[in-house]
Amino acid sequence: MFSGFHFCTHVQAAATPLLCTHKDVAVDAATGSGKTLAFVAPLVEILRRITTVKAHQLCYDSRSINAVFKQLGFAIKRVLGIIISLTRESSSQIFNVA
């Protein structure tokens, strides 16, 4: 039990394993079915597992840039997840769940 959750909803049980393996998922379910947590929890878990992205792990057209970043050990910042919300109410809910 974590934060008062005793079990997954049907939506969460179906979507979470797919999202944790980086699959695209679209869900159409009723209000209160756990859609927000079904999408946010796997994203947080994926982000938690990623520590830093080193320059040598990314592809660049210029070998010189790659070599400099690799030699210096700098981490490259990149977008790791995007949450899109269509309404203010949904955005607020996502913010509160995350």
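Rules behind the numbers
Residues numbered from 1 in each chain as written. Predicted model: local features only at pLDDT ≥ 70, side-chain atom pairs only at ≥ 80, totals over all residues. Heavy atoms only, no water. Helix = DSSP H or I, 4+ residues; strand = E, 2+ residues; numbered from the N terminus. Buried < 20%, exposed > 50% of the residue type's maximum accessible area, 1.4 Å probe, protein only. Contact = heavy atoms within 4.5 Å. Axes fitted to C-alpha atoms, helices over the stretch in contact; angles between N-to-C directions. Parallel < 35°, antiparallel > 145°, perpendicular 65-115°, else oblique. Left-handed = near helix turned anticlockwise from the far one by under 90°. Nonpolar A, V, L, I, M, F, W, Y, C, P; charged D, E, K, R; others polar. Patch = residues over 30% accessible without salt bridge, like charges linked within 9 Å, V, L, I, M, F, W, Y side chains within 5 Å. Areas by Shrake-Rupley, 256 points an atom, 1.4 Å probe, with all protein chains shown as cover. Salt bridge = Lys/Arg side-chain N within 4 Å of Asp/Glu carboxyl O. pLDDT = per-residue confidence, 0-100.

## A short note on the side chain of T36
Following the sequence through the fold, T36 ends up in helix α2 (residues 35-49). Residue class for T36 comes out buried when judged on its relative accessible area of 18%. Not counting the four nearest positions on each side in its chain, T36 is found in contact with Q93, I94 and V97.

## A short note on the packing of helix α1 (residues 10-20) against α2
Look at α1 against α2: their axes get within 9 Å of each other, and the N-to-C directions meet at 25 degrees. Looking at the two axes, α1 sits roughly parallel to α2. Viewed along their axes, α1 and α2 form a crossing whose handedness is right-handed. Each of V11, Q12, A15, T16, L19 and C20 in α1 lies in contact with α2, whose residues at this interface are K35, L37, A38, F39, P42 and I46. Among the residues making up the contact of α1 with α2, the classes are represented as 9 nonpolar, 2 polar and 1 charged.

## Section: unusual backbone geometry
With a phi angle near 65 degrees, H22 is a residue other than glycine that sits in the positive phi range. Among the secondary structure elements, H22 is positioned in the loop between α1 and α2. Relative accessible area serves as the criterion here: at 62%, H22 is assigned to the exposed category.

## A short note on a nonpolar patch on the surface
A cluster of nonpolar side chains, contributed by V79, I82, I84 and L86, occupies part of the molecular surface with about 540 Å² of accessible area. In this structure, I82 sits in the loop between α3 (63-72) and α4 (88-97). I82 sits in the exposed class, given a relative accessible area of 65%.

## Here's the deal with the confidence of the model for the protein chain
On average, residues of the protein chain score 76 in pLDDT, and 66% of them reach the 70 mark or higher. Within the protein chain, α1 carries the highest mean pLDDT (92), whereas α3 carries the lowest (59).

## Looking at the packing of α2 against α4
For the pair α2 and α4, the least separation of the axes is 10 Å and the interaxial angle reads 50 degrees. As the angle between them shows, α2 and α4 are arranged oblique. The interaxial crossing formed by α2 with α4 has right-handed handedness. Note on element contacts: α4 touches α2 through Q93, I94 and V97, opposite T36, L37 and V40. Per-class residue counts for the contact of α2 with α4 are 4 nonpolar, 2 polar and no charged.

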